Amino acid sequence: MSLPAVIQPLPVTIDDPAETMKQLSWPEWLQRSARSLSLVSRVVTEDEVYRAVKLVPVIPQSKALTPEQRREIEHKVALGHAALVHEDIDRTLLRVYELRIQLGASILSEEGEKIKAQGYIIALKGVPTFAVIEACTRWLRGNAPWIHDGKEPRKPNYSFPPQPPELCHCAMSIVAVVGAQTARLERLLKAEVVPDEQIRAA
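Everything numeric here is computed off the predicted structure, so don't read it as measured data.

Caption draft 1: Representation of the overall build of the protein within the structure. Broken down by element type, the protein carries 8 helices and 3 strands. Written out in order from the N terminus, the α and β elements of the protein read α-α-β-β-α-α-α-α-α-β-α. A compact globule built from 202 residues should have a C-alpha radius of gyration of about 17 Å, whereas the protein, at 22 Å, is more than 25% larger. Structurally, the protein occupies a C-alpha span of about 70 × 40 × 25 Å along its principal axes. Here the protein holds 202 residues, and 37% of them are scored as buried. Residue pairs in contact within the protein that sit at least 24 positions apart in sequence constitute 73% of those at least 6 positions apart. Carbon and sulfur atoms form 55% of the exposed surface of the protein, whose accessible area is close to 12000 Å². Mean positive and mean negative side-chain charge positions of the protein (25 and 25 charges, respectively) differ by 4 Å.

Caption draft 2: Structural context of the environment of Leu 39. Counting through the fold element by element, Leu 39 comes out in strand E1 (residues 38-46). Separated by 18 residues in sequence, Leu 39 and Pro 57 have C-alpha atoms that sit 4.5 Å apart. With residues up to four places along the chain from it excluded, the contact list for Leu 39 reads Leu 55, Val 56 and Pro 57.

Caption draft 3: Quick look at a nonpolar patch on the surface. On the surface, Tyr 97, Ile 101 and Ile 107 cluster together to form a nonpolar patch covering roughly 260 Å² of accessible area. With respect to the secondary-structure elements, Ile 101 resides in helix H4 (residues 89-102). In this structure Ile 101 comes out as partly exposed when scored by relative accessible area, which is 40%.

Caption draft 4: The pattern of salt bridges, seen in detail. In total, this model carries 10 salt bridges according to the counting rule given. Between Glu 28 and Arg 32 there is a salt bridge; the shortest N-O distance is 3.8 Å. Taken together, the residues Glu 28 and Arg 32, both in helix H2 (residues 28-36) and 4 residues apart, mark about one turn of the helix. Among the residues examined, Arg 32 registers a relative accessible area of 38% and is labelled partly exposed. One salt bridge connects Arg 71 with Glu 68, and the closest N-O pair in it is separated by 3.7 Å. Here Arg 71 pairs with Glu 68, and both are found in helix H3 (residues 67-85), just 3 residues apart, close to one helical turn. Look at the salt bridges and you will find they share partners, linking Glu 28, Arg 32 and Arg 35 into a network.

Caption draft 5: Here's a closer look at the nonpolar core. Formed by 25 residues in total, the largest nonpolar core has its most connected members in Leu 124, Val 132 and Leu 167. Mapped onto this core, the elements with two or more residues apiece are H3, H4, helix H5 (110-124), helix H6 (129-141) and helix H7 (164-190). In terms of residue count, the dominant contributor to this core is H7 (7 residues). Filtering out sequence-adjacent residues up to four positions away, Leu 124 remains in contact with Glu 87, Thr 92, Val 96, Val 132, Leu 167 and Cys 168.

Caption draft 6: Summary view of H5. The end-to-end C-alpha distance of H5 is 21 Å, a good match for the 21 Å that 15 residues give at a rise of 1.5 Å each. Burial in H5 covers these residues: Gly 112, Glu 113, Tyr 120 and Leu 124. Along the axis of H5, the buried positions cluster into a sector of 100°, meaning they face one direction only. For H5, the exposed residues lying more than 90 degrees away from the buried face are Ile 115 and Ile 122.

Caption draft 7: Highlighting the packing of H5 against H7. Two numbers describe how H5 lies on H7: the axes approach to 9 Å, and their chain directions differ by 35°. Remark: the crossing between H5 and H7 carries right-handed chirality. On H7, the residues that touch Gly 119, Tyr 120, Ala 123 and Leu 124 of H5 are Pro 164, Pro 165, Leu 167 and Cys 168. Residues belonging to the contact of H5 with H7 are distributed by class as follows: 7 nonpolar, 1 polar and no charged.

Basis of the calculations
- Residues numbered from 1 in each chain as written.
- Predicted model: local features only at pLDDT ≥ 70, side-chain atom pairs only at ≥ 80, totals over all residues.
- Heavy atoms only, no water.
- Helix = DSSP H or I, 4+ residues; strand = E, 2+ residues; numbered from the N terminus.
- Rg over C-alpha atoms; globule rule 2.2 N^0.38 Å.
- Buried < 20%, exposed > 50% of the residue type's maximum accessible area, 1.4 Å probe, protein only.
- Contact = heavy atoms within 4.5 Å.
- Areas by Shrake-Rupley, 256 points an atom, 1.4 Å probe, with all protein chains shown as cover.
- Lys, Arg positive; Asp, Glu negative; His and termini not counted.
- Charge placed at Lys NZ, Arg CZ, Asp CG, Glu CD.
- Patch = residues over 30% accessible without salt bridge, like charges linked within 9 Å, V, L, I, M, F, W, Y side chains within 5 Å.
- Salt bridge = Lys/Arg side-chain N within 4 Å of Asp/Glu carboxyl O.
- Core = buried A, V, L, I, M, F, W, Y, C linked by side-chain atoms within 4.5 Å.
- Expected span 1.5 Å × (residues − 1).
- Arc of directions from axis to C-beta.
- Axes fitted to C-alpha atoms, helices over the stretch in contact; angles between N-to-C directions.
- Left-handed = near helix turned anticlockwise from the far one by under 90°.
- Nonpolar A, V, L, I, M, F, W, Y, C, P; charged D, E, K, R; others polar.

Structure (structure tokens):
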């Protein structure tokens with residue numbers, strides 16, 4: 001068995017939040033590698049009365065990552081972490097305004113638009129900009145997640161722009177997926193490479 005190299009954080013900046021989801025997408029080889037990832041139990045300490053185990057990520061030798069693949073995964077991990085904390089409220093509000101225009105919403109007076117914008121600012125505070133942009137795209141395509149707001153779960157009404165809490169819900173569901181994918185890539189980088197036979201026998 002071999003241990004992976006220590007993961008070094010890479011400096012990454014979010015130049016265009018609209019491109020983040022495309023940059024975070026997984027090519028086919030990465031999907032295969034992620035599917036091959038598994039967890040095995042390892043004994044940490046053991047005596048007559050106590051036995052502690054931990055779960056260790058492993059991948060089979062046949063799916064071992066090449067140096068180039070590791071570098072690409074490291075970049076996606078760094079990009080994922082950067083995207084999850086990148087918030088550009090001006091860019092966020094611009095995309096929301098564009099979505100409202102694209103769906104034929106009435107434009108209010110200047111004061112009315114300020115009040116409307118304030119509602120979105122409150123709802124989307126702390127929500128990464130890339131997730132809001134992706135949520136707007138899914139709303140236009142009609143594949144946003146169902147609304148769960150304490151009432152009966154319901155399909156979004158795509159005939160109208162999302163209200164602030166609806167857009168927040170949609171964006172945060174995207175945040176959850178990207179966070180989980182980033183964590184899975186980190187486990188893949190830390191995974192021990194073991195013989196294929198050991199994986200099949202587990």
